[in-house]
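# What the coordinates show
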Amino acid sequence: NKIAAVRPYSDFGKTHIEKPYGRVYTKSEMKEIVDYCAEKGIEVIPEFDMPGHTSALLSAIPSLSCTGKDVKIKTHQGIFKDVLCLAKEETFETVTAIIDEFLEIFPSEYFHIGGDEAPAAHWKECPECQKKMKALGVETYAEYQNFFMNRIIGYLESKNRHAIVWNEAAKGENLDKRAVIQYWKENPAPSVKFLNNGGKAILSPFSYCYFDYDYHTTPLNRVYSLDANLKGLTEEGKKNIIGFEATVWTEYISDTKRFEEFVFPRIIAVSKAAHGENNKPYKEFLDDVRTLRNKLTDYAFCDEKMWTKPRISTVYGWLKFVKDRYSANYIKEQLFK
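Now for a quick tour of the structure. (Residues numbered from 1 in each chain as written. Predicted model: local features only at pLDDT ≥ 70, side-chain atom pairs only at ≥ 80, totals over all residues. Heavy atoms only, no water.)

## Considerations on the overall build of the protein chain
When its secondary structure is counted, the protein chain shows 15 helices and eight strands. In terms of C-alpha radius of gyration, the protein chain reaches 21 Å, essentially the compact-globule figure of 20 Å for 337 residues. On the principal axes, the C-alpha backbone points of the protein chain span a range of 60 × 50 × 45 Å. Counting all 337 residues of the protein chain, 44% fall into the buried class. Within the protein chain, residue pairs in contact and separated by at least 24 positions form 67% of the contacts whose partners lie at least 6 positions apart. Only carbon and sulfur atoms are counted for the fraction: they give 53% of the accessible area of the protein chain, which is about 18200 Å². Where the 47 positive side-chain charges of the protein chain centre and where its 48 negative ones centre are 5 Å apart. (Helix = DSSP H or I, 4+ residues; strand = E, 2+ residues; numbered from the N terminus. Rg over C-alpha atoms; globule rule 2.2 N^0.38 Å. Buried < 20%, exposed > 50% of the residue type's maximum accessible area, 1.4 Å probe, protein only. Contact = heavy atoms within 4.5 Å. Areas by Shrake-Rupley, 256 points an atom, 1.4 Å probe, with all protein chains shown as cover. Lys, Arg positive; Asp, Glu negative; His and termini not counted. Charge placed at Lys NZ, Arg CZ, Asp CG, Glu CD.)

## Brief notes about unusual backbone geometry
Only a minority of non-glycine residues have a phi that is not negative, and only a minority of peptide bonds are not trans. Here the amide bond leading from Met50 into Pro51 is cis, since omega sits at -5 degrees, within 30 degrees of zero. Among the secondary structure elements, Pro51 is positioned in the loop between β3 (47-50) and α2 (55-60). Omega for the bond connecting Phe264 with Pro265 falls within 30 degrees of zero, at 10 degrees, which places this linkage in the cis form. In this fold, Pro265 is placed in the loop between α11 (256-263) and α12 (266-274).

## Points about the nonpolar core
Core analysis: the largest hydrophobic core is formed by 55 residues, its most contacted members being Met50, Ile99, Ile113, Tyr144, Phe148 and Ile152. The leading source of residues in this core is helix α6 (residues 141-158), at eight residues. Apart from residues lying up to four places away in sequence, Met50 is in contact with Leu84, Val95, Ile99, Ile113, Gly114, Gly115, Phe148, Met149 and Ile152. Ranked by size, the runner-up nonpolar core spans 19 residues in total, among them Tyr215, Val223, Leu286 and Cys302. (Core = buried A, V, L, I, M, F, W, Y, C linked by side-chain atoms within 4.5 Å.)

## Focus on the pattern of salt bridges
Applying the stated criterion to the full structure yields 17 salt bridges. Among the ionic pairs, Arg23 bridges to Glu29, the shortest N-O distance being 3.5 Å. Taking the shortest distance from any N to any O, the salt bridge between Asp288 and Lys280 comes out at 2.7 Å. Judged by its relative accessible area of 26%, Asp288 is partly exposed. Classification of Lys280 by relative accessible area gives partly exposed; the value is 34%. (Salt bridge = Lys/Arg side-chain N within 4 Å of Asp/Glu carboxyl O.)

## With respect to the packing of helix α5 (residues 127-136) against α6
Where α5 contacts α6, the axes come no closer than 11 Å and their chain directions differ by 85 degrees. In terms of orientation, α5 lies roughly perpendicular with respect to α6. Along its contact with α5, which presents Cys129, Gln130, Lys132, Met133 and Leu136, the element α6 presents Tyr141, Tyr144 and Phe147. (Axes fitted to C-alpha atoms, helices over the stretch in contact; angles between N-to-C directions. Parallel < 35°, antiparallel > 145°, perpendicular 65-115°, else oblique.)

## Here's the deal with the pairing of strand β7 (residues 200-203)
Where strand β6 (residues 180-183) meets β7, four bridges bridge the pair, whose relative direction is parallel. Looking at the pairing, Ile181 lines up with Ala201 of β7. For the handedness criterion, the β-α-β arrangement of β6, helix α7 (residues 189-196) and β7 is classed as right-handed. Strand direction decides the pairing type here: β7 and strand β8 (residues 241-244), joined by three bridges, are parallel. What sits directly across from Ala201, in β8, is Ile241. (Pairing = 2+ DSSP bridges. Right-handed = clockwise from strand over helix to strand, strands pointing away.)

## As for helix α1 (residues 27-39)
Given a rise of 1.5 Å per residue, 13 residues ought to cover 18 Å, and the 19 Å separating the end C-alpha atoms of α1 matches this to within 8%. Taken together, the buried positions of α1 are occupied by Met30, Val34 and Cys37. All buried residues of α1 lie within an arc of 70 degrees about the axis, which places them on one face of the element. Among the exposed residues of α1, those oriented more than 90 degrees off its buried face are Ser28, Glu32 and Glu39. Where α1 is buried, its residues touch α3 (89-105). Directly after α1, the chain includes Gly41, whose backbone phi takes a positive value near 80 degrees. (Expected span 1.5 Å × (residues − 1). Arc of directions from axis to C-beta.)

## Observations regarding the layout of surface pockets
Its boundaries defined by the atoms lining it, the second largest pocket holds a volume of some 580 Å³. In terms of lining, the second largest pocket is formed by 26 residues, of which the most central are Asp212, Asp214, Tyr252, Arg258 and Phe262. Mapped by element, the contributors of at least two residues to the lining of the second largest pocket are β2 (15-17), α11 and α14 (311-325). A per-element tally of the lining of the second largest pocket places α14 first, with five residues. A per-class count over the lining of the second largest pocket returns ten nonpolar, six polar and ten charged. (1 Å grid on protein atoms, 1.4 Å probe; cavity = no way out; pocket = protein on both sides within 12 Å on 5 of 7 lines; lining within 4 Å. Points joined across faces, edges and corners; volume = space filled by probe spheres on them. Nonpolar A, V, L, I, M, F, W, Y, C, P; charged D, E, K, R; others polar.)

So this is what it looks like as structure tokens:
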């Protein structure tokens, strides 16, 4: 088997990089990051996304797929049909062996196992998967995915760790309640049901909390209006929200200064909303932000002219977002895959 996946070139939106990329972190480098962050009071939680977003793993070990055929390394972001075959015991054994190596490096209480954006196309055509679904008595592919996710959740629990999964996993009503779901998009109803029935959740709704989107798309005033609950939650369900996360995917962020500008001051608004402290009039909140900006001089804040945008600006922002990140061929590929 190949030791590491190397993509021959990279495409990030309109930016084409014509050189191979296969950077990997060694265990010692990862441990150095974990130790450094611990000194700063930060716990590093790893994510090993499965059963989708695994094309690099399948390129290295094709036998983990439903077809067993070679999988090409992807050169751009996206949602691909290449997913783990859940019927094969080899898949579970390989994934847990990798998890064991992660656990040696990351002492965190939680371990993110993904569960998002996993197309069922190959499962539908796989005789082994169809046989397994029948044996399990599951009728939907969401439930079939959770059969596998639940095994991983149980494995982590046996190691005294707790799993986090993206909220798509809640669409299968058989998701193990010991998992923590991370709500980021789509219909909130399955997540609400999960919470009302005793499950736990982290909230990171992408239209408020994804800071790789610029201020035209997600201005500070929008972030400040974030509701710290999901519609339909009971009082008990609300208590099962254990935290928030503001996420920053860095494929399109090339330097630290730009990263900090995307985070500050929006992270302040998320913090206020998470603690239920975003009831103060927005203009007064801006005064607080300016005060903090004057104190947090080690960080680059976004220019104040960009903080506040009218609602119509978000329409422009989303159009620009799509134009800058996705080619017409990519959009067509995703719509008709």
